Amino acid sequence: MTENSERRVVSVIVRNEASVLSRITDLFSGRGYNITSLTVAPIPESRYSRLTIVTSGSVRVIEQITKQLHKLIPVLRVYEHADLVEKEMAMVKFPITENLSDISTLCEAYNGKIVNVGENIIIAMVADEPKRIDNFLAVIKRYNPKEIVRSGSVALER
Amino acid sequence: MQISGAQMVIEALIAEGVTTVFGYPGGAIMNVYDEIYKQDGFEHILTRHEQAAVHAAEGYSKASGKVGVAMITSGPGFTNAVTGLADAYMDSIPLVVISGQVPMSLIGTDAFQEIDAVGISRSCTKHNYLVTDAKDLPRILKEAFYIAASGRPGPVHVDIPKDVTAQIEEFNYDIELDLETYKPHVKGNPRQIKKAIEAISKAKRPVFYLGGGIINANAAYEVRDLVHRTGIPAVETFMARGVLPHDDELLIGMLGMHGSYASNMAMSETDLVIALGARFDDRVTGKLSEFAKNAGVIHVDIDPASISKLVNADFPIVGDVKNVVVDMLEQADRINSNHYESWRETVSNFDELHPLTFHEDSDRIKPQWVVKRVGELLGDNANISTDVGQHQMWAGQFYPFTRPRQFISSGGLGTMGFGFPAAMGVKSASPEKTSINFTGDGSILMNCQELMTAVEKKLPVINIILNNNYLGMVRQWQTLFYDKRHSETDLSVQPDFVKLAEAFGGIGYRVNTKEEFDAALKDAVEKDIVAFIEVIVHRLENVMPMVPSGGSLFNMMLLEKKETK
């Protein structure tokens, strides 16, 4: 594919049943599509779950991804988002010896705070747009983060 | 009614109208086989390999239009069947394949003959199920048959643990399916159809591009009608052979890698491709960027994912091709067939320039002659299956097909060993026709154990082995593209095919001349038992014309005018 590759967020509504997640991930690996991140959780009071998949590909590839996803039997709906609100969460473990007020202030700027304090470490969390999470993680490097976990994106159409 | 899971399988198959099941028993599926022993609602045909069971079910399905059913055990039984599942998936053949599994309590323990069957079949089936409770079995089997046959058809795999087949539960098959997430779109959008008709009426050089989906949708006769009403020339894919009768004056021929010059030129010169149930496979299009370069594209397909997958469709129409063609016929008056007079002439000039033909040889029978000769002798009275390779292409090129479901071949996956078991399935679905399998000296050995099934179940398939002592198609590519380095394709060391057939109780013929061939075929048809007719053919014959892999359709290697012997 020589066409330009672009980042896309796709939401998939699937029936809660055995191996439905494998069907989705097998489709991506089998057809050579990318998964940047994937989140999944049940939709309250329904027999469905919602997956949010961040992927990338040319326009043609993205179109195929949505069509192939829709072809899977347990898939109810596929949204290829154009206008959306997208958020991601990250948690970071810092040594308690770092400058805690700096870290706390930074977290606040990214909709977060220090959520746990232990004898030797603290855990901070932030929730923001994935690009801003990238920024945050770049900025906090100087405070010697010990461990970082990102949740992957969730998204809703505006 | 309180019955076991195994009995539920039997009851469901009978309720679905299944008359023939192909299979092979084993430990995990024994409860079901015990019930098969006790019933007389359908016939079970014991193949001698699980792969053959699935191919036979495919042949049965293709010939009859019904869902084919195969049954196998867990572990190796299942893995042997995977090639058949993949083959059916590629060619959109509706199957329900039922496999045994180790008991629920042993799943995940690396038990004897345990394999993650649904994990393996996920990527080569339309859908699959692991049944964890016999209460679910009636619904799952009903869904399986519905999903296999509806929309774009395909194989559905149902994996049943041994303890589930023993579990006793209430059985009720008269249930409403609740498939909120699966609703195939069968009716074409009227506005799109109207636009498509308009585009056709304005086109100067339109071409129908007919695909195998027409046969799956039982739409061949409606398509014939549409082609004749519009007067637009048509090309067929390999999978669509028989949609138009071979002598139809609007049929240009088969297109693609080994299609006719005229078909490929028409496709290159057209200004509007009308694709019906075809999927723009790479063996059809050649180099994509050069395919129908200056043409608009109308694409009718039941599978939205097939549309604009490889070639952008200007007029996408998602729907069952039969429905859409019927809708198009209603508006066909808006198309004036005189409009395409000069285009039809251009197309027939292409054909006169380089007709599809071959050169006879005085010493050795040419393989193409054999195909043509069978066509002359049996014609409409035979159903034709093939294995995979040169003989397969020659069958597609030279057999005079007259009807849909006459030609059964492994098009998408290209499975050697498909032809013989598929032909047995064809014979069991369509016993009144002679079942011919064109095969090669390579392919036939990949499922020759089925001689035993054919003898036992009296399925008199006539296997015509075009023997060139080569793995011919690979040899052809080696000759043309690998500087004649015939790596591992020389099959000079061979069994005695006559004795091989006889060893199983079939009949064998070795043929060196045309007279011998005629006599052998006549005898085999009369004897009505499974036969091998080994025809010693010209060793180095190539399938021509040919679009080299990745080349453009208009750039074909053509048959040399006078062949050097």
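Here, every reference points to the structure presented above.
What you are looking at is a predicted structure, and each value in this text was computed from that prediction instead of being measured.

## Section: the overall build of chain A
Along chain A, the regular secondary structure elements total 4 helices and 8 strands. Each helix and strand of chain A, placed in order from N terminus to C terminus, yields the pattern β-α-β-β-α-β-β-α-β-β-α-β. For chain A, buried positions account for 42% of its 158 residues. In chain A, once contacts between residues fewer than 6 apart in sequence are set aside, the share between residues at least 24 apart is 71%. When the accessible surface of chain A is totalled, it reaches about 8,600 Å², and 52% of it is carbon and sulfur. With 21 positive and 19 negative side-chain charges, chain A shows a spacing of 5 Å between the two charge centroids.

## Details of the sheet that holds strand β4 (residues 75-80) of chain A
Residues and elements named next belong to chain A. With antiparallel pairing, the 4 strands of this open sheet are ordered in space as β2-β3-β1-β4. In this open sheet, the two edge strands, each paired with only one partner strand, are β2 (37-42) and β4. Neighbouring strand axes in the sheet, compared pairwise and without regard to direction, differ in orientation by 15° on average. Here strand β1 (residues 6-15) runs beside β4; their pairing, made up of 5 bridges, is antiparallel. Bridge assignment links Ile13 to a residue of β4, and that residue is Arg77. Strands β1, β3 (48-57) and β4 of the sheet are contacted by helix α2 (residues 59-71), whose axis makes an angle of about 160° with β4.

## A look at the pairing of β1 of chain A
All names here are of chain A. Along β1, 7 of the 10 residues are buried, which leaves the element largely enclosed by surrounding structure. Here β1 runs beside β3; their pairing, made up of 10 bridges, is antiparallel. Directly across from Ser11, in β3, lies its bridge partner Thr52.

## Re unusual backbone geometry
Residue and element names in this part refer to chain B. Of the consecutive residues Met544 and Pro545, the connecting peptide bond is found in the cis state with omega at 0°. Note on placement: Pro545 falls in the segment after β20 (531-536). Within the chain, Ser92 stands out as a residue other than glycine whose phi angle is a positive 55°. The exposure class assigned to Ser92 is buried, which follows from its relative accessible area of 7%.

## Quick notes on the side chain of Asp87 of chain B
All names here are of chain B. Note on placement: Asp87 falls in helix α4 (residues 76-90). No salt bridge is formed by the buried Asp87, whose closest oppositely charged neighbour, Lys62, lies at an N-O distance of 8.3 Å. At a separation of 2.6 Å, a polar atom in the side chain of Asp87 contacts the side chain of Thr415. Among all residues touching Asp87, those that are not within four sequence positions of it are His55, Glu58, Ser410, Leu413, Thr415 and Phe418.

## A look at the packing of helix α11 (residues 261-269) of chain B against helix α14 (residues 341-353) of chain B
All names here are of chain B. Two elements in contact, α11 and α14, have axes whose closest approach is 8 Å; the angle formed by their N-to-C orientations is 140°. Considering their axes alone, α11 and α14 lie oblique with respect to each other. As for the relative orientation of α11 and α14, their crossing is right-handed in sense. For the pair formed by α11 and α14, the contact residues are Tyr261, Ala262, Met265, Ala266 and Glu269 on the first element and Trp343, Val347, Phe350, Asp351 and Leu353 on the second. Considering only residue class, the contact of α11 with α14 consists of 8 nonpolar, no polar and 2 charged.

## Considering the packing of aromatic side chains
Scanning the model with the defined rule gives 18 aromatic pairs over all chains in all. Centroid distance Phe28 of chain A to Tyr33 of chain A: 6.0 Å. Interplanar angle 85°. Geometry classified as edge-to-face. For Tyr33 of chain A, a relative accessible area of 14% corresponds to the buried category. On the numbers, 5.6 Å between centres and 80° between planes, the contact of Trp477 of chain B with Phe481 of chain B is edge-to-face. Of this pair, Trp477 of chain B and Phe481 of chain B both sit in helix α19 (residues 472-481), 4 residues apart, which is roughly one turn of that helix. Joined through ring pairs, the aromatic side chains of Phe238, Tyr399, Phe401, Phe407 and Phe438 of chain B make up one cluster. The ring centre of Tyr173 of chain B lies 5.2 Å from the NZ or CZ of Lys142 of chain B, which sits over that ring.

## Concerning the interface of chain B and chain A
On the side of chain A, 18 residues touch chain B, which itself brings 20 residues to the contact. Interface area for chain B against chain A, summed over the two sides, is near 1,700 Å², with a carbon-plus-sulfur share of 45%. One can count 4 salt bridges joining chain B with chain A. Put simply, chain B and chain A have 12 residue pairs in polar contact (both at pLDDT 80 or more) between them. Taken together, the residues that form the side of chain B that touches chain A break down as 7 nonpolar, 6 polar and 7 charged.

## Some words on the nonpolar core
Residue and element names in this part refer to chain B. If you look at the biggest cluster of nonpolar residues, it comprises 65 residues, and the most contacted ones within it are Tyr209, Leu210 and Leu276. The contacts of Leu276, once residues within four sequence positions are left out, are Phe208, Tyr209, Leu210, Gly211, Ile214, Val223, Val300, Val321 and Val325. Listed in part, the 38 residues of the second largest apolar core include Val32, Phe42, Ile140 and Tyr173.

## Observations regarding the packing of helix α1 (residues 5-15) of chain B against helix α2 (residues 30-38) of chain B
Residue and element names in this part refer to chain B. Where α1 meets α2, the closest approach of the two axes is 8 Å, and the angle between their N-to-C directions is 50°. Overall, the two elements α1 and α2 adopt an arrangement that is oblique. Handedness of the α1/α2 crossing: right-handed. Between α1, through Ala6, Gln7, Val9 and Ile10, and α2, the contact on the second element is made entirely by Asn31, Val32, Glu35 and Ile36.

## Quick look at the sheet that holds strand β5 (residues 84-95) of chain A
All names here are of chain A. Reading across the sheet, the 4 strands line up as β6-β7-β5-β8 and stay open at both edges, with antiparallel pairing between neighbours. Sheet topology places β6 (113-117) and β8 (147-157) at the edges, where each strand pairs with a single neighbour. The sheet shows a mean angle of 20° between the axes of neighbouring strands, direction not considered. Pairing of β6 with strand β7 (residues 121-128) involves 4 bridges; the strand directions are antiparallel. When the sheet's bridge partners are listed, Lys113 is paired in β7 with Met125. Running over the sheet, helix α3 (residues 100-109) touches β5, β6 and β7 and is turned about 20° from β7.

## Brief notes about a nonpolar patch on the surface
All names here are of chain A. A cluster of nonpolar side chains, Met89, Met91, Val115 and Val149, forms an exposed patch at the surface whose accessible area comes to about 290 Å². Structurally, Val115 is set in strand β6. On the accessibility criterion, Val115 (40% relative accessible area) is partly exposed.

## Section: the pattern of salt bridges
Applying the stated criterion to the full structure yields 44 salt bridges over all chains. Between Glu147 of chain A and Lys93 of chain A there is a salt bridge, and its shortest N-O distance comes to 2.9 Å. Residue Glu147 of chain A is located in strand β8, and its partner Lys93 of chain A is located in strand β5; the two are separated by 54 residues in the primary sequence. Residue classification places Lys93 of chain A among the partly exposed positions, given a relative accessible area of 27%. With a shortest N-O distance of 3.7 Å, Lys433 of chain B and Asp380 of chain B are connected by a salt bridge. Here Lys433 of chain B, found in the loop between α17 (419-429) and β17 (434-440), pairs with Asp380 of chain B, found in the loop between α15 (367-377) and β15 (382-386); they are 53 residues apart in sequence, far enough to count as distant. Members of the salt-bridge network, linked through shared partners, are Lys87, Asp128, Glu129 and Arg132 of chain A.

## So, α2 of chain B
Residue and element names in this part refer to chain B. Those residues of α2 lying buried are Val32, Tyr33, Glu35 and Ile36. Seen along its axis, α2 keeps its buried residues to an arc of 160°; they face one direction. Pointing more than 90 degrees away from the buried face of α2 are the exposed residues Tyr37 and Lys38.

About the cut-offs
Just so you know, the residues in each chain are numbered from 1, in the order the chain's sequence is written. To label them, take the chains in the order written and letter them from A, then take the ligands in the order written and number them from 1. Selection of residues for local features in this predicted model requires a pLDDT of at least 70, selection of side-chain atom pairs for listing and counting requires 80 or more, and totals for whole chains, interfaces and linings are taken over all residues. Note that water and hydrogens are dropped before the side-chain values are worked out from all heavy atoms of the structure. Only DSSP runs of H or I with at least four residues qualify as helices, and only runs of E with at least two residues qualify as strands; both kinds are numbered from the N terminus onward. Partly exposed residues are those whose accessible area sits between 20% and 50% of the maximum for their type, while under 20% is buried and over 50% is exposed, using a 1.4 Å probe and protein chains only. Here a residue-residue contact requires only that any non-hydrogen atoms of the pair lie within 4.5 Å. The Shrake-Rupley method, run with a 1.4 Å probe, gives the accessible areas here. Residue values count only the displayed protein chains as cover. Working convention for charge: Lys and Arg count positive, Asp and Glu count negative, and His plus the chain ends are omitted. The atoms used to mark charge sites are NZ of Lys, CZ of Arg, CG of Asp and CD of Glu. Two strands pair if DSSP finds at least two bridges between them. Helix axes use the C-alpha atoms of the stretch in contact, all axes being lines fitted to C-alpha atoms, and the angles between their N-to-C directions lie in the range 0 to 180 degrees. One side-chain nitrogen of Lys or Arg within 4 Å of one carboxyl oxygen of Asp or Glu is enough to make a salt bridge. We call two N or O atoms a polar contact when they sit within 3.5 Å, provided that within protein one can donate a hydrogen and the other can accept it, with sequence-adjacent residues counted only if both atoms are side-chain atoms. When describing relative orientation, an angle under 35 degrees is termed roughly parallel and one over 145 degrees roughly antiparallel, while 65 to 115 degrees is termed roughly perpendicular and anything else oblique. Crossing handedness is read from the near helix: turned anticlockwise from the far helix by less than a right angle, it gives a left-handed crossing, and turned clockwise, a right-handed one. Note on residue classes: Ala, Val, Leu, Ile, Met, Phe, Trp, Tyr, Cys and Pro are nonpolar, Asp, Glu, Lys and Arg are charged, and everything else, Gly too, is polar. Classification of ring pairs uses Phe, Tyr and Trp, with its six-membered ring standing for Trp, and accepts pairs whose centres are within 6.5 Å; under 30 degrees between planes counts as stacked, over 60 as edge-to-face, and the remaining range as tilted. By definition here, charges over rings are those cases where NZ of Lys or CZ of Arg is within 6 Å of the ring centre and within 35 degrees of the ring normal. The term buried area means the drop in 1.4 Å probe accessible area that two parts suffer when joined, counted for both and summed. Nonpolar core, defined: a set of buried Ala, Val, Leu, Ile, Met, Phe, Trp, Tyr and Cys residues in which side-chain atoms within 4.5 Å join the residues together. A patch is a set of surface residues, each over 30% in relative accessible area and not in a salt bridge, joined within 9 Å for like charges and within 5 Å for the nonpolar side chains Val, Leu, Ile, Met, Phe, Trp and Tyr. The directions considered for the arc are those from the helix axis to the C-beta atoms.

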